[in-house]
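# An overview of the molecular structure
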Amino acid sequence: MTLLYKEMRLVTHPTSIVFAFLGCLVLVPSYPYSVIFMFGCLAPYITFLNARETNDVWYTAVLPVTKLESVLGKCLLVVFFQLFQLLFSVPFAILRNVMNITNNPVGLDATVAWYGFGFILYGVFDLVFLTTFYKSSYKVGKSFIFAAIPMVFLMVAIEATAHIPIFVWMDSYQPEHLLMQFPILIVGIVCYGVLVLLAYRISVKHFEKVDL
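## Remarks on the nonpolar core
- By size, the foremost hydrophobic cluster in this structure holds 58 residues, and its most contacted members are Phe48, Trp114, Leu121 and Phe129.
- Only α3 (34-53), α5 (67-98), α6 (112-133), α7 (140-161) and α8 (175-208) provide two or more residues apiece to this core.
- The biggest single contributor to this core is α6, with 13 residues.
- Residues contacting Trp114, with those up to four places away along its chain left out, are Val26, Tyr33, Ser34, Ile36, Phe37, Ser89, Leu108, Asp109 and Ile158.

Structure follows, in structure tokens:
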């Protein structure tokens, strides 16, 4: 927790905090909700960019922490913002259903399946972004571009799901359909956990080879 506190106080860019609260956009009608996930990916990019410009890597290097702990702090920060954004959006998704703001013509509604896909998207992004970044601990833009490629493809796939007749149950708030969507959520959570852990371990191996 000390590592996360340091990252929150000294590294986090204010824009990332704003992005974390954009889960409320699920209330906006006729909006591509996968864009919310994009904000959850932009937050780490901007924060890592801010860390580079403030020489956080060198500052952390003189602290009594190992490279492993340094990577862990950044990974915890990324996970914190992404999970906060998703959890923050839940009350608004419920309110959306209560207000009967459904049948989003743009793409997939904020259903249980949508959350499952969001976890998968975040996991894939983190794996590519973190492992690429820690090869040098400096090239933030390059890391984001590489991670943005699968992110965009997944965003398009998520929105396209709502327009495929065989997957119409993923875009429904009917109780029986929500029940069918729960396995997607579980798979998404498991994938996220596995991919983030993998990203952390690979990033540590890469960072150990970086000469600071």
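## Topic: the layout of surface pockets
- Approximately 210 Å³ is the volume found for the largest pocket.
- Lining the largest pocket are Val90, Ala93, Ile94, Asn97, Ala110, Thr111, Val112, Tyr115, Tyr173, Leu178, Phe182 and Leu185.
- Among the elements that line the lining of the largest pocket, the one with the most residues is α5, at 4 residues.
- Per-class residue counts for the lining of the largest pocket are 10 nonpolar, 2 polar and no charged.

## With respect to the state of the cysteines
- Enumeration over the complete set of coordinates arrives at 0 disulfides.
- For the unlinked cysteine Cys75, the closest cysteine sulfur is that of Cys41, found at 14 Å.
- A relative accessible area of 5% means that Cys75 is categorised as buried.
- Cys41 provides the cysteine sulfur closest to Cys191, a residue in no disulfide bond, and the two sulfurs are 15 Å apart.

## Concerning unusual backbone geometry
- Phi angles above zero are rare outside glycine, and Ser30 is one such case at about 55°.
- If you trace the backbone, Ser30 turns up in the loop between α2 (14-20) and α3.
- One non-glycine residue, Asn55, lies in the positive phi region at around 55°.
- Looking at the element boundaries, Asn55 is found in the loop between α3 and α4 (56-61).
- According to the relative accessible area criterion, Asn55 is partly exposed, its value standing at 44%.

## Let's talk about a nonpolar patch on the surface
- Taken together, the side chains of Leu83, Leu87, Val90, Ile94, Leu95, Val98 and Met99 make up a nonpolar region of the molecular surface, amounting to roughly 640 Å² of accessible area.
- Its place among the elements puts Leu87 in helix α5.
- Note on Leu87: relative accessible area 62%, which makes it exposed.

Cut-offs used in this document
- Residues numbered from 1 in each chain as written.
- Predicted model: local features only at pLDDT ≥ 70, side-chain atom pairs only at ≥ 80, totals over all residues.
- Heavy atoms only, no water.
- Core = buried A, V, L, I, M, F, W, Y, C linked by side-chain atoms within 4.5 Å.
- Buried < 20%, exposed > 50% of the residue type's maximum accessible area, 1.4 Å probe, protein only.
- Helix = DSSP H or I, 4+ residues; strand = E, 2+ residues; numbered from the N terminus.
- Contact = heavy atoms within 4.5 Å.
- 1 Å grid on protein atoms, 1.4 Å probe; cavity = no way out; pocket = protein on both sides within 12 Å on 5 of 7 lines; lining within 4 Å.
- Points joined across faces, edges and corners; volume = space filled by probe spheres on them.
- Nonpolar A, V, L, I, M, F, W, Y, C, P; charged D, E, K, R; others polar.
- Disulfide = S-S within 2.5 Å.
- Patch = residues over 30% accessible without salt bridge, like charges linked within 9 Å, V, L, I, M, F, W, Y side chains within 5 Å.
- Areas by Shrake-Rupley, 256 points an atom, 1.4 Å probe, with all protein chains shown as cover.
- Salt bridge = Lys/Arg side-chain N within 4 Å of Asp/Glu carboxyl O.

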